[in-house]
Amino acid sequence: QVHPVESGGGLVQAGGSLRLSCAASGITFSGNAMGWYRQAPGKQRELVAGISRGGGTNYADSVQGRFTISRDNAKNTVALQMNSLKPEDTAVYYCKIVRGYSDYWGQGTQVTVSS
């Protein structure tokens, strides 16, 4: 079984930075696409950033230029560096790993940005 585990969330003031990390056992990250999603209260879960098997990245318009997704295949981790955080970035952030036709989700980590 694949169990992604997120870490690095917390409370930060607007303009600050946080770095989220996702680790998982039972899977080789280099062969899989991964992504970070978020869900704010009362809203649908949305894609924040994704990274393909080949390393290509894509971002939501709302975080373009502020967030960076990266992977470390040797450590089997995927990270999300979040800079210039805004109160509207407040949400639970989830890591997703895609393997074949299956998606594996972590439990999420809370990010709260105060104004």
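Source: prediction; values computed, not measured.

Basis of the calculations
- Residues numbered from 1 in each chain as written.
- Predicted model: local features only at pLDDT ≥ 70, side-chain atom pairs only at ≥ 80, totals over all residues.
- Heavy atoms only, no water.
- Helix = DSSP H or I, 4+ residues; strand = E, 2+ residues; numbered from the N terminus.
- Rg over C-alpha atoms; globule rule 2.2 N^0.38 Å.
- Buried < 20%, exposed > 50% of the residue type's maximum accessible area, 1.4 Å probe, protein only.
- Contact = heavy atoms within 4.5 Å.
- Lys, Arg positive; Asp, Glu negative; His and termini not counted.
- Charge placed at Lys NZ, Arg CZ, Asp CG, Glu CD.
- Core = buried A, V, L, I, M, F, W, Y, C linked by side-chain atoms within 4.5 Å.
- Polar contact = N/O pair within 3.5 Å; in protein donor to acceptor, adjacent residues only side chain to side chain.

Draft legend 1. How the structure looks around the overall build of the protein chain. Each helix and strand in the protein chain was counted, giving zero helices and 11 strands. The N-to-C order of helical and strand elements in the protein chain reads β-β-β-β-β-β-β-β-β-β-β. A compact globule built from 115 residues would reach a C-alpha radius of gyration of about 13 Å, and the protein chain, at 13 Å, matches this within 12%. In terms of principal-axis extent, the alpha carbons of the protein chain reach across some 40 × 25 × 25 Å. Relative to its full complement of 115 residues, the protein chain shows a buried share of 42%. Summarising the internal contacts of the protein chain: among those between residues at least 6 apart in sequence, 54% fall at separations of at least 24. One finds the centroid of the 11 positive side-chain charges in the protein chain at a distance of 5 Å from the centroid of its 7 negative side-chain charges.

Draft legend 2. Quick peek at the nonpolar core. By size, the foremost hydrophobic cluster in this structure holds 30 residues, and its most contacted members are Trp36, Val78, Leu80, Met82, Tyr93 and Ile97. Ranked by residue count, the leading element in this core is strand β9 (residues 91-99), at four residues.

Draft legend 3. Structural context of unusual backbone geometry. Its identity is not glycine, yet Asn76 carries a phi of approximately 55°, on the positive side. Examined against the element boundaries, Asn76 turns out to sit in the loop between β7 (67-72) and β8 (77-82). Backbone geometry at Ser84 places phi at a positive 50°, although glycine is not the residue there. Looking at the element boundaries, Ser84 is found in the loop between β8 and β9. Taking relative accessible area as the criterion, Ser84 reaches 41% and is therefore assigned partly exposed.

Draft legend 4. Focus on the side chain of Asp89. Tracing the chain through its elements places Asp89 in the loop between β8 and β9. A polar side-chain atom of Asp89 sits 2.8 Å from a polar atom in the side chain of Arg66. Among residues more than four places away in sequence, those in contact with Asp89 are Arg38, Arg66, Phe67, Ser84, Val111 and Val113.

Draft legend 5. Layout of the environment of Tyr104. If you trace the backbone, Tyr104 turns up in strand β10 (residues 102-105). Classification of Tyr104 by relative accessible area gives buried; the value is 17%. C-alpha separation for the pair Tyr104 and Val78, spaced 26 residues apart in sequence, amounts to 14 Å. Those residues in contact with Tyr104 that sit more than four places away from it in its chain are Gln1, Val2, Pro4, Cys95, Lys96, Ile97 and Arg99.

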